[in-house]
Amino acid sequence: MMSDFIYDKVAVGIRIREKRLALHMTQEKVAEKTEKSLRLITEIERGAVGMSIETLMCICEALKTTPNDLLLPDAKTSDSELDWLIEVLSNASDHVRSSAIDILRSYLRST
């Protein structure tokens with residue numbers, strides 16, 4: 001059985017860029033964390049080149065995400081976003097954490 005999956009380098013690059021920006025990371029920081037060249041990270045984000053599975057896994061680790069989040073356009077939101085939220089709140093001051101929880105509660109009540 002053939003899969004309908006098509007590796008869209010441009011779309012994957014866009015998702016990588018979005019994840020990176022959501023974490024307030026520079027391309028330089030991703031290159032450093034992945035031990036890959038800045039040029040490679042830039043070209044991957046532009047969709048100019050593909051990447052090996054090794055590079056994909058390094059990028060996933062650096063961006064605290066999964067291959068599905070980057071490769072599959074309609075992948076269900078993974079636990080990586082929840083993990084990120086927990087990490088951010090864990091590192092926040094008591095005041096910031098309390099405010100964030102209040103905002104989230106208000107938002108959820110309004111939906």
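In what follows, the accompanying structure is described. (Residues numbered from 1 in each chain as written. Predicted model: local features only at pLDDT ≥ 70, side-chain atom pairs only at ≥ 80, totals over all residues. Heavy atoms only, no water.)

### Considering the overall build of the protein
Thinking step 1. What the protein contains, in helices and strands, is 7 helices and 0 strands.
Thinking step 2. For the protein, the N- to C-terminal ordering of α and β elements is α-α-α-α-α-α-α.
Thinking step 3. The buried share of the protein, taken over its 111 residues, is 29%.
Thinking step 4. The long-range fraction of contacts in the protein, counting pairs at least 24 apart against all pairs at least 6 apart in sequence, stands at 52%.
Thinking step 5. Within the structure as shown, the protein displays about 8,000 Å² of accessible surface, and the carbon and sulfur contribution to it stands at 57%. (Helix = DSSP H or I, 4+ residues; strand = E, 2+ residues; numbered from the N terminus. Buried < 20%, exposed > 50% of the residue type's maximum accessible area, 1.4 Å probe, protein only. Contact = heavy atoms within 4.5 Å. Areas by Shrake-Rupley, 256 points an atom, 1.4 Å probe, with all protein chains shown as cover.)

### Here we look at the packing of helix α2 (residues 27–34) against helix α4 (residues 53–63)
Thinking step 1. Where α2 meets α4, the closest approach of the two axes is 9 Å, and the angle between their N-to-C directions is 120°. Taken as a pair, α2 and α4 cross one another with a handedness that is right-handed. The residues of α4 that touch α2, namely those facing V30, K33 and T34, are C58, I59, A62 and L63.
Thinking step 2. Residue composition of the contact of α2 with α4, by class: 5 nonpolar, 1 polar and 1 charged. (Axes fitted to C-alpha atoms, helices over the stretch in contact; angles between N-to-C directions. Left-handed = near helix turned anticlockwise from the far one by under 90°. Nonpolar A, V, L, I, M, F, W, Y, C, P; charged D, E, K, R; others polar.)

### Focus: the pattern of salt bridges
Thinking step 1. All told, the structure shown has 7 salt bridges when counted by the stated rule.
Thinking step 2. Here D69 and K19 are joined by a salt bridge, their closest N and O atoms 4.0 Å apart. Of this pair, D69 sits in helix α5 (residues 67–71) while K19 sits in helix α1 (residues 9–22), and the two are 50 residues apart along the sequence.
Thinking step 3. For K19, a relative accessible area of 18% translates into the label buried.
Thinking step 4. In this structure, the salt-bridge partner of K29 is E32, at a minimum N-O distance of 3.5 Å. (Salt bridge = Lys/Arg side-chain N within 4 Å of Asp/Glu carboxyl O.)

### Looking at the packing of α1 against helix α3 (residues 38–46)
Thinking step 1. Where α1 meets α3, the closest approach of the two axes is 6 Å, and the angle between their N-to-C directions is 115°. Packed against α1, whose contacting residues are K9, V10, G13, I14, I16, R17 and R20, the element α3 presents I44, E45 and R46 at the interface.

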